[in-house]
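The lines below spell out each chain.
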Amino acid sequence: MPGRHRRARRYRPAAVDLAFAGFLLAVAVLRYAVLTDRAAPATVDSGNWLAFGNALLGDRTTRDSGLAYPPVTPLAMALLTRAAGPVVAVGVLGALSSLALAAGTYAALRGFGLRWAAAGLAALLSVSAATGEAAAWGGFPQLLAAGLVPVLLVLLDAALRTGRWAPALGAAAATAGLLATSHFVVGYAAFAAAAVAGLHLAGVPRGERLRWSRSRLRYLLAVAAPAALAVPLYLPLLDAVGGNRPSGTDAAAVTWANLFASLEFTYRDQPVVWRTAIVAGLATPFLLRARWREPAWRLAVAALGSVAVATALTREARGLYFLPFATVLALGLWSTGERHQLSPGRPARVAVAGLLAAAVALQAWSGLRLFPAQRDYYGIVSPDLYAALTWLRDTPPGTRLGVSTVDDAPLGWWVEGYVRRPTWYASPLRWLSYGDELERARVANEVFAPPFPQDQSVAAAEAAGLDLLLVSTDSNRYEPAAMAAFVEGHPCAVVFRNRAAVVVDVRAAAGPPAEGGGSGAGCGT
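Residues numbered from 1 in each chain as written. Predicted model: local features only at pLDDT ≥ 70, side-chain atom pairs only at ≥ 80, totals over all residues. Heavy atoms only, no water.

Regarding the overall build of the chain
Condition: Strands are runs of DSSP state E lasting at least 2 residues, helices are runs of H or I lasting at least 4, and numbering of each runs from the N terminus. Exposure classes here rest on a 1.4 Å probe applied to the protein chains alone. A residue is buried below 20% of its type maximum, exposed above 50%, and partly exposed in between. With residues, only the protein chains shown are counted as cover, and all accessible areas are computed by Shrake-Rupley using a 1.4 Å probe.
Helix and strand content of the chain: 22 helices and 5 strands. For the chain, the residues scored as buried account for 52% of the 525 residues in total. Carbon together with sulfur atoms contributes 64% to the accessible area of the chain, which is approximately 23,000 Å² in total.

Details of the sheet that holds strand β1 (residues 401–403)
The criterion, for reference: By this definition, two strands are paired if DSSP reports at least two bridges between them. Axis definition: a line fit to C-alpha positions, over the contact stretch in the case of helices; interaxial angles, taken between N-to-C directions, run 0 to 180 degrees.
The mixed open sheet is built from 5 strands, whose spatial order is β2-β1-β3-β5-β4. Single-partner strands in this sheet number two, and they are β2 (423–425) and β4 (494–497). The sheet shows a mean angle of 20 degrees between the axes of neighbouring strands, taken without regard to direction. Here 3 bridges tie β4 to strand β5 (residues 501–505), and the two strands are oriented antiparallel to one another. Note that in β5 the partner of Val494 across the bridge is Val504.

Details of the nonpolar core
Quick reminder of the rule: We define the nonpolar core as a collection of buried residues of types Ala, Val, Leu, Ile, Met, Phe, Trp, Tyr and Cys that are connected through side-chain atoms lying within 4.5 Å of one another.
Of all hydrophobic cores here, the largest spans 130 residues; its most connected members are Tyr188, Val381, Leu389, Leu411, Trp414 and Leu470. Per-element accounting of this core gives the leading share, 10 residues, to helix α4 (residues 86–111). If you look at the next biggest cluster of nonpolar residues, it comprises 23 residues, including Trp424, Leu469, Phe486 and Val502.

Notes on the pairing of β5
Counting buried positions over the 5 residues of β5 gives 4, a clear majority of the element. In textbook terms, the turn of a hairpin is the stretch between consecutive antiparallel strands, and for β4 and β5 this stretch comprises 3 residues.

Overview of the pattern of salt bridges
Using the following cut-off: Any carboxyl oxygen of Asp or Glu within 4 Å of a side-chain nitrogen of Lys or Arg constitutes a salt bridge here.
Using the criterion set out here, one finds 15 salt bridges in the structure. A salt bridge links Asp37 to Arg375, with the shortest nitrogen-to-oxygen separation between them at 3.3 Å. Taken together, the residues span a long stretch of sequence, with Asp37 in the loop between α1 (2–35) and α2 (46–56) and Arg375 in helix α16 (residues 347–378) at a distance of 338 residues. You can call Asp37 partly exposed: its relative accessible area is 42%. Put simply, Arg440 and Asp436 hold a salt bridge, and the shortest N to O gap is 3.0 Å. On the criterion of helical spacing, the pair formed by Arg440 and Asp436 is a turn pair, its members being 4 residues apart in helix α19 (residues 435–447). For Arg440, a relative accessible area of 8% gives the class buried.

Topic: helix α9 (residues 183–202)
Definition in use: Multiplying 1.5 Å by the residue count of a helix minus one yields the expected span of that helix. Polar contacts, as counted here, are pairs of nitrogen or oxygen atoms within 3.5 Å of one another; within protein the pair requires one atom able to donate a hydrogen and one able to accept it, and residues that are adjacent in sequence qualify only if both atoms are side-chain atoms.
Here α9 is 20 residues long and its end C-alpha atoms lie 29 Å apart, about the 28 Å a rise of 1.5 Å per residue gives. Of the residues making up α9, those classed as buried are His183, Phe184, Val185, Val186, Tyr188, Ala189, Ala192, Ala193, Val196, Ala197 and His200. Structurally, the start of α9 carries an N-cap: the backbone nitrogen of Phe184 is 3.4 Å from a side-chain oxygen of Ser182.

Observations concerning the environment of Gly139
Following the sequence through the fold, Gly139 ends up in the loop between α6 (129–137) and α7 (140–162). The spacing of Gly139 and Asp45 is 94 residues in sequence and 7.0 Å in space, taken between C-alpha atoms.

Quick notes on the packing of aromatic side chains
For clarity, the cut-off: Stacked, edge-to-face and tilted are the three classes for Phe, Tyr and Trp ring pairs, Trp counted by its six-membered ring, which pair at centre distances within 6.5 Å; planes under 30 degrees apart are stacked, over 60 edge-to-face, the rest tilted. Two thresholds decide whether a charge sits over a ring: the Lys NZ or Arg CZ must be within 6 Å of the ring centre and within 35 degrees of the ring normal.
Tallied over the full model, the rule gives 11 aromatic pairs. On the basis of an interplanar angle of 65 degrees and a centroid distance of 4.8 Å, the ring pair of Trp165 and Tyr219 is categorised as edge-to-face. Of this pair, Trp165 sits in helix α8 (residues 165–179) while Tyr219 sits in helix α10 (residues 209–229), placing them 54 residues apart in sequence. The class of Tyr219 is buried, set by a relative accessible area of 3%. Arg31 extends its terminal NZ or CZ atom over the ring of Phe371, reaching a point 5.3 Å from the ring centre. One residue, Arg393, lies across the ring of Tyr418, its end atom 4.3 Å from the ring centre.

Remarks on the environment of Leu221
Looking at where Leu221 falls in the secondary structure, it is placed in helix α10. Classification of Leu221 as exposed rests on a relative accessible area of 53%. Along the chain, Leu221 and Ala168 lie 53 residues apart, while their C-alpha atoms are 9.3 Å from each other.

Right under this line is the structure:
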């Protein structure tokens, strides 16, 4: 009988691990199917990662390889695109990155001693609307790096608690992974890691704090060491990003006036579930403050507090996307206590398990059901527009392109990444960071300023040395009547046209009309 009992104890963790892995696999398959459901690559930002990746692989046609950006996602996007095309590349990266935070959080909760509660809480993150939103717009670096945050915090806590090198070196590896993946998540992780160290120090008797600090300093230095190696990457990156931070009146900035609305947007598909969870998560560290020396308590408080710090310092709504993760850690803290207090057969424990299962079911149903709409909203490249990009790939190398927006999204990122031609793309400047791209965007914004197209637009394009203009007819700024009038006056200027795109030859548009009025499509050019 004792041997049979031991086998059962070994089997249950394996069962929950396999069940959770199967759940994540199903989510990945569903998201991949949505991201690749048409003959065009999904997301806005993936074109940007592709352009960066091409530069890192030696293609300086559009961007200098010296431009600083964490390389993991750009390299993965570029290599996958070269192997399988951009549609598959986006599908693979989007599906896998959307699971990273759930996987990392599950590992942390399992470290707290949780089993099925860990699976249920982490599953909420994998199918949340916030995760789907990030995967739909191409936030792969943030998603991948977010999965390393709980790993870093758990290993750092273990290193400071035990004074052992193994978890310290593991935390250093997590730090290196974060630095190589997302500069934005690095900031949140740094705040949380500092909070974990500070809470550890607060738990040491005052008379022993100096000795404890000296004994743990080597581990902290080891965890932070990768940051010293990343200085050449991060100094120009932070300088560029810091120089274009959103102002207080920018729609992208979080203010006291829009804080609650920005928060509600992250869980808009299941507000009741997440409002309840967040209130419970925020209350848990206070209600269980007697357990403040436990790792679960430290990690929950560090994660929750860092959401407030990151949002206040950056003033970006993206800081609020960490709140569901911090909430889940806090609920994990509560679950570790209930696991000991409630026996498996008690009605209260069954009721709690039932509520968690219902929440996961509701979130999975609504989150995965919402994902196709999110994909459509951020999928600025339609199949017809993708055909136009493919046509542009056959233009002579060095052809200078001007590109319009698609509903204020920078379509030019995809042109840079996929077409691989020098590109001046219209865009709201708040989406851009580097001086070169800001300068090119200002030129393109002038070219495509309404009313477009007109002779002044062509003159501005010609003055900038542009050869072709790609105009998206899917954009809310496209005016069919104005384009029809322009084509009538410049019949030889249009060299490509389909339902989603018009390509205008700048030289033909700037020259005199063709004799006989021309016949369109470049008049045979």
